[in-house]
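A closer look at the structure
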Amino acid sequence: MGHLGAFLFLLGALGALAEICEIPEVDSRLVEKLGQRLLPWMDRLSPEHLNPSIYVGLRLSSLQAGTKEDLYLHSLKLNYQQCLLGSASSDHNSHCQAKTSTGQLGLYLLALRANCEFVGGHKGDRLVSQLKRLLEDEKRAIGNSSSPTPWLSPRLPAHKGHPHTSYYQYGLAILALCVHQKRVHNNVVDKLLYAVEHEQHLHQGHLSVDTVAMAGLAFICLERSHFNPNKRLQITTAIGMVQEKILRAQTPEGHFGNVYSTPLALQMLMTSSTSHLEVGTACLKAKAALLASLQNEAFQNRLVISQLLPVLNRKTYIDLISPDCLAPRVMLRPATETFSLTTEIISVTLKVLSIVPPYKQSVFVLAGSSLEDVLKMAHELGGFTYETQASLSGPYLTSVMGNAAGEREFWQLLRDPDTPLLQGIADYRPKDGETIELRLVRW
């Protein structure tokens, strides 16, 4: 019986391991090459280029940038404090509006925690209060959580609206406050719980994997920190729902949603203590897909890279609850620059059919140019105008030919004939002969 008991115990242990999301070690050269893509961004210390996600990603990775990290964090602090205290110059003010958005402040709080800092003092309290006010504004934009009429049931929610920013930023802000041990009201958490349960509210009419994953990370932090005890059962249930949604979104290639939403999805699955028979297999399949994408150099966006580097180090944003700032990390060496003498010119056709009159123009740019370069060239040629706005993952189109995206509208990027682009204007590099359509769509 002793042998049988040991055998059954071993089978149980193996079964438990199969249900856990573990990422096997990846070739250190691939990881280093990925980290090297962040180094040029760390030299860009102007307000419009500073991005806290870069610092967070490196601190949770197996890599370090030495004194560059210290200088970058110092620049982040100066920039955000100037914006929050209202001491920025007029030239700086245009960037402050973006820096003090829900998601940007949330990322900044994560950056501070990645340096083992807790917000405190007058400046820290002001930062926390500002983020909590933004969350309250977002909550009101979504709708009241209960009926204003006292004799009606308080279980009649009004969640018909949408946050000013997005549920991604909403979840990020809750996560950021949580890792700093700052509580948020139950009715703020309620909005995210409802959004996860009714996924059509999350993003542009379809499931957004990274939005769901960010919500899941926020719930896991609340659960582990024992915050909102009255919501504990709902939070635990929501964590399981998020895990199920992510698993259902896995593509035949192995990605969760798409290649760029997979890193954050893996962070959530790696952190979740909810066991599932499919989890281990799904994570191994996703790891294989990520490895192929790494070898093909698919990751160029700094936000996605900063979410992937922790995964490759078996870390997640949840580790910021109690970060290990003394863990050894390998010093990043700048990549060896290669200079190409080729000056190949390619042709890209740009068209906008959702305006009157329609616009269509062929633009000639250097091979390897980004879609943003194509837009700039079209503007220089005349007859084409556009505007962009900074976001967590880079610039995005807000207006084309004087037509600004209104409420619940956005300018979609498509490769002809009708393939939505997964990358933004700064990251996508058109090929010779491609036609790119800018389409104003409503969601």
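To keep things clear, this report deals only with the structure shown in the data block. From a predicted model like this one, the values you see are computed outputs, not experimental measurements.

Here is what the cut-offs are and how they apply
- Residues numbered from 1 in each chain as written.
- Predicted model: local features only at pLDDT ≥ 70, side-chain atom pairs only at ≥ 80, totals over all residues.
- Heavy atoms only, no water.
- Core = buried A, V, L, I, M, F, W, Y, C linked by side-chain atoms within 4.5 Å.
- Buried < 20%, exposed > 50% of the residue type's maximum accessible area, 1.4 Å probe, protein only.
- Contact = heavy atoms within 4.5 Å.
- Helix = DSSP H or I, 4+ residues; strand = E, 2+ residues; numbered from the N terminus.
- Disulfide = S-S within 2.5 Å.

Some words on the nonpolar core
In this structure, F219, I246, F256, L266 and F299 are the most contacted members of the largest nonpolar core, which totals 103 residues. In contact with L266, other than residues within four places in its own chain, are C21, I23, F256, C283, A286, L290 and V311. Formed by 23 residues, the second largest nonpolar core is a distinct cluster that contains I346, Y359, A378 and I425.

Examining helix α4 (residues 52-59)
Where burial is concerned, most of α4 is hidden: eight out of the eight residues are buried. Burial in α4 covers these residues: P52, S53, I54, Y55, V56, G57, L58 and R59. Where the residues of α4 are buried, they touch α3 (39-42), β1 (63-64), α5 (67-85), α7 (102-114) and α15 (302-312).

Notes on unusual backbone geometry
Backbone torsion omega between V356 and P357 reads -5 degrees, so that peptide bond is classified as cis. Mapped onto the fold, P357 is located in the loop between β3 (345-352) and β4 (359-366). Here the amide bond leading from D416 into P417 is cis, since omega sits at 15 degrees, within 30 degrees of zero. Summarising the element assignment, P417 is placed in the loop between β8 (409-415) and β9 (419-420). Despite not being glycine, Q181 has its phi angle at roughly 60 degrees, a positive value. You can see Q181 is positioned in the loop between α9 (167-179) and α10 (186-197). Since its relative accessible area comes to 52%, Q181 is described here as exposed. Look at M401: it is not a glycine, yet its phi comes out positive at around 55 degrees. Locating M401 in the fold gives a position in the loop between β6 (396-400) and β7 (403-404).

Digging into the state of the cysteines
In the structure shown here, the tally under the stated rule is four disulfides. Put simply, C21 and C283 are joined by a disulfide, and their sulfur atoms are 1.9 Å apart. Handedness of the C21-C283 disulfide follows from its S-S torsion of about -110 degrees: it is left-handed. Taken together, the residues span a long stretch of sequence, with C21 in the loop between α1 (2-18) and α2 (28-36) and C283 in helix α14 (residues 279-295) at a distance of 262 residues. The class for C21 is buried, based on a relative accessible area of 6%. Judged by relative accessible area, C283 falls into the buried class, the value being 0%. A sulfur-sulfur separation of 2.0 Å characterises the disulfide bridge that pairs C116 with C325. On the sign convention where negative is left-handed, the bridge of C116 and C325, at about 110 degrees about the S-S bond, is right-handed. Pair noted here: C116 is in the loop between α7 and α8 (121-142) and C325 is in the loop between α15 and β2 (330-331), with a separation of 209 residues, a long-range link. Overall, the relative accessible area of 28% leaves C325 in the partly exposed class.

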